[in-house]
Amino acid sequence: MSFFLVVLAIVIAAGLVWVGASVFRGRPIPEVLDRGLEEPLSGLPPVLLPEQPSADDIDRIRFSLGLRGYRMDQVDDVLERLRDRIAEQDAEIARLRRRARPEVEAPE
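Residues numbered from 1 in each chain as written. Predicted model: local features only at pLDDT ≥ 70, side-chain atom pairs only at ≥ 80, totals over all residues. Heavy atoms only, no water.

In the nomenclature of an unreviewed UniProt entry, the chain corresponds to DivIVA domain-containing protein from the organism Sinomonas terrae.

Q: Is there a simple way to explain the overall build of the chain in this structure?
A: The helix and strand inventory of the chain stands at 4 helices and 0 strands. For the chain, the sequential pattern of α-helices and β-strands runs α-α-α-α. Accessible surface, the chain: about 10,600 Å² in total, of which carbon and sulfur atoms supply 60%. (Helix = DSSP H or I, 4+ residues; strand = E, 2+ residues; numbered from the N terminus. Areas by Shrake-Rupley, 256 points an atom, 1.4 Å probe, with all protein chains shown as cover.)

Q: How should the confidence of the model for the chain be read in this particular structure?
A: In low-pLDDT segments, the atomic positions of the prediction should not be examined closely. On average, residues of the chain carry a pLDDT of 76, and 69% of them reach 70 or more. Helix H4 (residues 72–100) holds the highest mean pLDDT among the elements of the chain, 88, whereas helix H2 (residues 31–34) holds the lowest, 57. (pLDDT = per-residue confidence, 0-100.)

Q: Explain the UniProt feature "coiled-coil region" (unreviewed entry) in the chain to me, please; I cannot follow it from the model alone.
A: In the UniProt entry, the feature "coiled-coil region" (unreviewed entry) is given for residues 72–99. Along residues 72–99, the helical share is 100% and the strand share 0%, with 40 Å between the first and last C-alpha atoms. (UniProt positions renumbered as here; feature names shortened; annotations may be inferred.)

Q: Just to check I follow, could you spell out a nonpolar patch on the surface for this structure?
A: A surface patch of nonpolar side chains, amounting to about 680 Å² of accessible area, comprises Met1, Phe4, Leu5, Leu8, Ile12 and Leu16. When you line up the elements, Leu8 lands in helix H1 (residues 2–24). (Patch = residues over 30% accessible without salt bridge, like charges linked within 9 Å, V, L, I, M, F, W, Y side chains within 5 Å. Salt bridge = Lys/Arg side-chain N within 4 Å of Asp/Glu carboxyl O.)

Q: Is there a simple way to think about the pattern of salt bridges in this case?
A: Between side chains of opposite charge, a pair can form when the charged atoms approach closely. Counted according to the given criterion, the structure contains 6 salt bridges. With a closest N to O distance of 3.2 Å, Asp84 and Arg83 form a salt bridge. Using a relative accessible area of 37% as the deciding quantity, one classes Asp84 as partly exposed. Exposure remark for Arg83: the relative accessible area of 23% places this residue in the partly exposed category. Glu88 is the salt-bridge partner of Arg85, the closest N and O atoms lying 3.4 Å from each other. With a gap of 3 residues between them, Arg85 and Glu88 both fall in helix H4, about one helical turn apart. With a relative accessible area of 45%, Arg85 lands in the partly exposed category. The exposure class assigned to Glu88 is partly exposed, which follows from its relative accessible area of 49%. Overlapping salt bridges, with partners in common, bring together Asp59, Arg83 and Asp84 in one network. (Buried < 20%, exposed > 50% of the residue type's maximum accessible area, 1.4 Å probe, protein only.)

Q: Sorry if this is basic, but what is going on with the side chain of Asp57 here?
A: Relative to the helices and strands, Asp57 is located in helix H3 (residues 55–59). A polar contact of 2.6 Å, which involves the side chain of Asp57, links it to the side chain of Arg60. (Polar contact = N/O pair within 3.5 Å; in protein donor to acceptor, adjacent residues only side chain to side chain.)

Q: For this particular structure, what's the right way to read the environment of Glu80?
A: As for its placement among the helices and strands, Glu80 is situated in helix H4. Overall, the relative accessible area of 40% leaves Glu80 in the partly exposed class. Along the backbone, Glu80 and Ala55 are 25 residues apart, and their C-alpha atoms lie at a distance of 9.0 Å.

Shown next as structure tokens:
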């Protein structure tokens, strides 16, 4: 097992020296190595929100699970606070609109 690890370390070191020498001499990095840091294509549908999200829209958001995803408890906490803040703003807007609406005068 240790022999395998030593050989593996030598191969990796040789590869790094080869890439470093290529860059130092001004040669382009091989395409296979250059593509390594691109974002992977997602096969999952995006999480969409309407133009003007409401608190109910936040409640309906569902994220896909991933191997190295975010901590669900933190995401849930942030979404709950966001939902509560949007609900407060919606209630305040509705209250201000009711207050600003001129009273309908009754015909005499």
